[in-house]
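# Examination of the molecular architecture
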Amino acid sequence: VSALGLAVSLKLAPQGTLGAAMAGMLSADGRCKTLDARANGYARSEGVGALVLLCEGKAVRLCGSAVRQDGRSASLTAPNGSAQRTLLVGALDRASLHAVEVGSLEAHGTGTALGDPTEAGALVAVHGMAEKRTSPIVVGAAKASVGHTEAASGQVGLLRRSEAAGIVGGNAQLRLLNPLVAERLGVSTGCFTMPVQAVSSRLATSGVSSFG
């Protein structure tokens, strides 16, 4: 038994880009600087991805997933950290996993001054403080390499983690960790690492965080 997951995002008309630019949402230099102190907005990109999920045999096993509305927030671009935490807990519950069993995370990681710290706070609240965690959980983000494919971005993140085989690729634009992200991730406690280069994850189970 198998299932096919497919996502496509094409920028065929200029209105979306013009609107995002007028709202100040786009990076002036066209880079998603995920988790970096230089984060200044996101870069729109196109993408298509497909993944075959098999129930038996050697293949990607999707343990569980969850969807949640962001709830009340200050604006469209101001994410709700509480809603994110509830969603992460729900996904773990559906997957019948404990947070400590997750060895790596693919962050949404848009590369904005507000979004990255909020997501980091939600991730550490659910995964970083898990009891009995003996090694850091590793966080990566595809957007730093390929930009924000928007409707297809969750699929891109899933593909990145499924192809990694226990290796988390480096964050391409990470030069200096955003101080607000560092504060929330508790870097000094060793709960999380944000690799500049590819690193091995002790646990093969991964999580994908993606905002629709």
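Along every chain, residues carry numbers that run from 1 in the direction the sequence is written. Thresholds applied to this predicted model are a pLDDT of at least 70 for local features of residues and 80 or more for the giving and counting of side-chain atom pairs; totals over whole chains, interfaces and linings are not thresholded and use all residues. To obtain the side-chain values, all non-hydrogen atoms of the structure were used and water was disregarded.

## Some words on helix H3 (residues 115-128)
- Secondary structure elements follow DSSP: runs of H or I of four or more residues count as helices, runs of E of two or more count as strands, with numbering from the N terminus. For a helix, the expected span equals 1.5 Å multiplied by the residue count minus one. With 14 residues, H3 extends 18 Å between its outermost C-alpha atoms, agreeing within 8% with the 20 Å of an ideal straight helix rising 1.5 Å per residue.
- In this scheme, a residue with accessible area under 20% of its type's maximum is buried, one over 50% is exposed, and one in between is partly exposed, where area comes from a 1.4 Å probe on protein chains only. Counting buried residues in H3 gives 13 out of 14 residues, a clear majority hidden from the surface.

## So, the pattern of salt bridges
- Whenever a carboxyl oxygen of Asp or Glu lies within 4 Å of a side-chain nitrogen of Lys or Arg, that contact is scored as a salt bridge. Per the stated rule, a full pass over the model turns up 5 salt bridges.
- As a salt-bridge pair, Lys33 and Asp29 come within 2.8 Å of each other at their nearest N and O atoms.
- On the accessibility criterion, Asp29 (45% relative accessible area) is partly exposed.
- Across the pair Arg38 and Asp36 runs a salt bridge whose closest N-O atoms are separated by 2.8 Å.

## What to know about the nonpolar core
- Take the buried residues of types Ala, Val, Leu, Ile, Met, Phe, Trp, Tyr and Cys, join any two whose side-chain atoms come within 4.5 Å, and each joined set is a nonpolar core. Of all hydrophobic cores here, the largest spans 18 residues; its most connected members are Leu185 and Met194.
- Counting only elements with at least two residues in this core, the list comes to helix H2 (81-95), H3, strand E4 (137-140) and helix H6 (179-185).
- When residues in this core are grouped by element, the largest group, 5 residues, is from H3.

## Structural notes on unusual backbone geometry
- Positive phi, normally seen in glycine, also occurs at Leu35, with a value near 65°.
- Its place among the elements puts Leu35 in the loop between helix H1 (15-22) and strand E2 (47-54).
- Here Leu35 falls in the buried class, since its relative accessible area comes to 5%.
- Of note, Glu150 is a non-glycine position whose phi angle comes to about 55°, a positive value.
- Relative to the assigned elements, Glu150 resides in the loop between helix H4 (143-146) and helix H5 (153-162).

## Considerations on empty space enclosed by the protein
- The rule is simple: put a 1 Å grid over the protein atoms alone, call a set of points where a 1.4 Å probe fits but cannot get out a cavity, call an open set with protein on both sides within 12 Å along at least five of seven lines a pocket, and count a residue as lining if it has an atom within 4 Å of a point. Grid points are joined across faces, edges and corners, and a volume is the space filled by probe spheres set on the points. Under the criterion given, the structure shown has 2 cavities of 30 Å³ or more.
- Lining the largest cavity are 15 residues, with Glu106, Ala107, Lys143, Ser153 and Gly157 positioned closest to its centre.
- Mapped onto the lining of the largest cavity, the elements with two or more residues apiece are H4 and H5.
- Take the lining of the largest cavity: its biggest share by element is 4 residues, from H5.
- Residue polarity is assigned by list, with Asp, Glu, Lys and Arg as charged and Ala, Val, Leu, Ile, Met, Phe, Trp, Tyr, Cys and Pro as nonpolar; anything else, Gly included, falls into the polar class. Looking at the lining of the largest cavity, its residues break down into 5 nonpolar, 8 polar and 2 charged.

## A look at the packing of H2 against H3
- To obtain an axis, a line is fitted to C-alpha atoms, over the contacting stretch when the element is a helix, and the angle between two such axes runs from 0 to 180 degrees between their N-to-C directions. Between H2 and H3, the least distance of the axes is 9 Å, while the angle of their chain directions is 40°. It follows that H2 is oblique to H3 by the angle criterion. Considering only the axes of H2 and H3, their crossing is right-handed. Contacts from Gly81, Gln84, Arg85, Leu88, Val89 and Leu92 of H2 reach H3 at Thr118, Glu119, Ala122, Leu123, Ala125, Val126 and His127.
- The residue inventory of the contact of H2 with H3, partitioned by class, reads 7 nonpolar, 4 polar and 2 charged. For classification, angles of less than 35 degrees are called roughly parallel, those exceeding 145 degrees roughly antiparallel, those between 65 and 115 degrees roughly perpendicular, and all remaining angles oblique. Crossing handedness: left-handed means the near helix sits turned counterclockwise from the far one by under a right angle, and right-handed means the same turn made clockwise. Contacts are residue-level and defined by heavy atoms, with any inter-residue pair within 4.5 Å sufficient.

## Thoughts on a nonpolar patch on the surface
- Taken together, Leu4, Leu6, Val8, Leu10, Leu12, Val48 and Val52 make up a surface patch of nonpolar side chains, about 750 Å² in accessible area.
- Among the elements that take part in the nonpolar patch, strand E1 (residues 2-9) stands out by supplying 3 residues, more than any other. Surface patches are drawn from residues lacking salt bridges whose relative accessible area is over 30%; two like charges belong together within 9 Å, two nonpolar side chains (Val, Leu, Ile, Met, Phe, Trp, Tyr) within 5 Å. Computed with the Shrake-Rupley method and a 1.4 Å probe, the accessible areas treat only the protein chains shown as cover for residues.

## Comments concerning the confidence of the model for the protein chain
- When pLDDT is averaged across the protein chain, the result is 84; 85% of the residues are at 70 or more.
- Looking at the elements of the protein chain, mean pLDDT is at its lowest for strand E6 (residues 192-193), recorded as 64, and at its highest for H1, recorded as 94. Every residue carries a pLDDT, the predictor's confidence in it, which falls somewhere between 0 and 100.

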